[in-house]
Amino acid sequence: MRRTTGELADGREIIYFDDTDDAPPRTAVDTRDLPASQPLSEVRRDPLTGEWVAMAAHRQTRTYKPPADLCPLCPSTPDKPTEIPERDYDVVVFENRFPSFAEDVPELPSTVDGMPMVARAAGRGRCEVMCFTSDHTTSFGSLAPSRVRTVVDVWADRTEALGALPGVEQVFPFENRGEEIGVTLSHPHGQIYGYPFVTPKTERMLATAAEYRDRHGRAVLGDVLAAERAAGTRLVGTSEHWTAYVPAAARWPVEVHVVPHRQVPDLPALTAAERDDFAHLYLEVLGRLDALYQRPLPYIAAWHQAPVRTGRDLAWLHLEVFSVLRAPDKLKYLAGSESGMGVWINDATPEQIAQRLRATS
């Protein structure tokens, strides 16, 4: 893989990752006349839950469902410059033009005016867009295993780079796919967030892992993985280094976890063999997901990895893929119980979901 760094017209960084070292050199210049980016992100701590809430009002003007011929993630042409100046690319990462968190945001008072119990801070971090291919019409599940392997290497590269930034506490690579999920750009892409705090879900998972280890002396996900492999009823796919299964307490109508057999804290810790193996198993999983309803499945693919500075001995890297589609033409809405109380109600059992996925071809 070859890595080439450049700069967009407004000063944002762009990085090209080519599958091979003999790809054409990346020398194109961004000719657009762009104003300097001025994100005004901030975070406020909810005094009732202790959770941080991000606020980024500048994102209201972000690009929304452009026609395919005006896609900002496609390669540039002489008459249509885009976010990617080159006429072709393999994988590319660039700073989001409308970030939820950014490095250059102004300092703020430490509390909200008149409410000393509400902590407040600049939303300092980094948000990147990651394009998996220059082909607008394809999807992640249609990529070649060699390209998926490049993507895994890029995820690892960016995890290390963002984790080294001042103030970043957690790095989160993810992909949103499909309008039902809320995707506003249909080009195959994902995002990478560098959060200025440890996210609420990760905090809960680490606390649970610590409690389980204190009681049993083992990793909870390790025991879950062994039990799922032994039972087999919720398995979706297995390989030498990874297992994919529907979790026994699945929240979503379609949900699969892809877990390495070895406890590692994050993507950079994966070996070359584990990265190769993941590419093949994950493509199998995505194929089954699309075959489930005989249509492209809208989904979120979320990497759970260790925070930068805490819980690294407790975390166990894994990928969670889930969908809001509960039938070919029906969505699961987060109604009163889920949204109001955080109590999930699933319309299918995990065993039923796994059986349907295994039955796909």
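Residues numbered from 1 in each chain as written. Predicted model: local features only at pLDDT ≥ 70, side-chain atom pairs only at ≥ 80, totals over all residues. Heavy atoms only, no water.

Asks: Is there a simple way to think about the environment of aspartate 46 in this case?
Replies: Position of aspartate 46 relative to the elements: it lies in the loop between β3 (42–45) and β4 (52–55). Classification of aspartate 46 by relative accessible area gives partly exposed; the value is 27%. The sequence separation of aspartate 46 and leucine 108 amounts to 62 residues, and the corresponding C-alpha distance is 17 Å. Reaching out from aspartate 46, the side chain makes a polar contact with the backbone nitrogen of leucine 48 at a distance of 2.8 Å. (Helix = DSSP H or I, 4+ residues; strand = E, 2+ residues; numbered from the N terminus. Buried < 20%, exposed > 50% of the residue type's maximum accessible area, 1.4 Å probe, protein only. Polar contact = N/O pair within 3.5 Å; in protein donor to acceptor, adjacent residues only side chain to side chain.)

Asks: How should I be thinking about the sheet that holds strand β11 (residues 235–238) in this particular structure?
Replies: Picture the strands of a sheet paired through backbone hydrogen bonds; they go either parallel or antiparallel. Taken in spatial order, the eleven strands of this open sheet run β1-β2-β5-β8-β10-β9-β14-β15-β13-β12-β11, and their pairing is antiparallel. Each end of this open sheet is capped by a strand with a single partner; those strands are β1 (2–7) and β11. Averaged over all pairs of adjacent strands, the angle between strand axes in this sheet comes to 20°, irrespective of strand direction. Packed onto the sheet, helix α1 (residues 145–163) meets β1, β2 (13–18), β5 (91–95), β8 (126–131), β9 (170–177), β10 (189–195) and β14 (299–304) and runs at close to 170° relative to β8. Against the sheet, helix α3 (residues 220–231) touches β11, β12 (242–245), β13 (254–260) and β15 (318–323), its axis set at about 75° to β12. (Pairing = 2+ DSSP bridges. Axes fitted to C-alpha atoms, helices over the stretch in contact; angles between N-to-C directions. Contact = heavy atoms within 4.5 Å.)

Asks: It is not clear to me how the environment of leucine 221 should be interpreted in this structure. Could you clarify?
Replies: Its location among the elements puts leucine 221 in helix α3. Under the relative-accessibility criterion, leucine 221 is labelled buried at 15%. With 96 residues separating them along the chain, leucine 221 and leucine 317 place their C-alpha atoms 9.5 Å apart. Beyond its immediate stretch of four places on either side in the chain, leucine 221 contacts Tyr245, Val259, Trp316 and His318.

Asks: Where do I start with the pairing of β13 in this structure?
Replies: Residues in a regular strand point their side chains to alternate faces of the sheet. In terms of residue burial, β13 counts as a mostly covered element, since seven of its seven residues are buried. Of the strand pairs in this sheet, β12 and β13 are connected by four bridges, and their pairing is antiparallel. Within β13, the residue paired with tryptophan 242 across the bridge is proline 260.

Asks: For this particular structure, what's the right way to read the packing of α1 against helix α4 (residues 272–292)?
Replies: In helix packing, the relevant descriptors are the interaxial angle and the interaxial distance, both defined with respect to the helix axes. One way to put it is that α1 packs onto α4 with a least axis distance of 9 Å and a crossing angle of 125°. On the basis of the axis angle, α1 is oblique to α4. By crossing handedness, the relation of α1 to α4 is classed as right-handed. Contacts between α1 and α4 involve Pro145, Val148, Arg149, Val152, Asp153, Trp155 and Ala156 on the former and, on the latter, Ala272, Arg275, Asp276, Phe278, Ala279, His280 and Leu283. For the contact of α1 with α4, the class distribution of residues is nine nonpolar, one polar and four charged. (Parallel < 35°, antiparallel > 145°, perpendicular 65-115°, else oblique. Left-handed = near helix turned anticlockwise from the far one by under 90°. Nonpolar A, V, L, I, M, F, W, Y, C, P; charged D, E, K, R; others polar.)

Asks: Could you clarify how one ought to interpret the layout of surface pockets in this entry?
Replies: Any space left empty among the atoms is revealed by the rolling of a water-sized probe across them. For the largest pocket, the calculated volume is near 1600 Å³. Lys201, Thr202, Met205, His304 and Glu320 are the residues nearest the centre of the largest pocket, which is lined by 46 residues in total. If you list the elements that add at least two residues to the lining of the largest pocket, you get β9, α2 (200–216), α3, β13, β14 and β15. A per-element tally of the lining of the largest pocket places α2 first, with nine residues. (1 Å grid on protein atoms, 1.4 Å probe; cavity = no way out; pocket = protein on both sides within 12 Å on 5 of 7 lines; lining within 4 Å. Points joined across faces, edges and corners; volume = space filled by probe spheres on them.)

Asks: Would you mind showing me how to read empty space enclosed by the protein here?
Replies: Counted according to the given criterion, the structure contains one cavity of 30 Å³ or more. Elements with a minimum of two residues in the lining of the largest cavity: β9 and β14. A class-by-class count of the residues in the lining of the largest cavity yields seven nonpolar, no polar and one charged.

Asks: How should unusual backbone geometry be read in this particular structure?
Replies: Glycine aside, the phi torsion of most residues is negative, and most peptide linkages are trans. A positive phi is found at glutamine 294, a non-glycine position, where the angle reads about 55°. Judged by relative accessible area, glutamine 294 falls into the exposed class, the value being 69%.

Asks: Would you take a moment to explain the sheet that holds strand β6 (residues 111–112) for this structure?
Replies: Read across the open sheet, the four strands follow the order β4-β3-β7-β6; overall the sheet is antiparallel. At either end of the open sheet lies a strand with only one pairing partner, and these are β4 and β6. As defined by bridge partners, β6 adjoins strand β7 (residues 115–122) across two bridges and the pair is classed as antiparallel. The residue bridging threonine 111 from the neighbouring strand is alanine 119, located in β7.

Asks: Just to check I follow, could you spell out the pairing of β2 for this structure?
Replies: Across the six residues that make up β2, a large majority, five, are buried. Pairing analysis gives six bridges linking β1 to β2, with the strands arranged antiparallel. Bridge pairing links arginine 2 to aspartate 18 in β2. Where β1 folds back onto β2 in an antiparallel hairpin, the turn is made up of five residues, including glycine 11, whose phi is positive at roughly 95°. Sheet topology note: the β2/β5 ladder contains four bridges and is antiparallel. Note on β5: the bridge partner recorded for phenylalanine 17 is valine 91.

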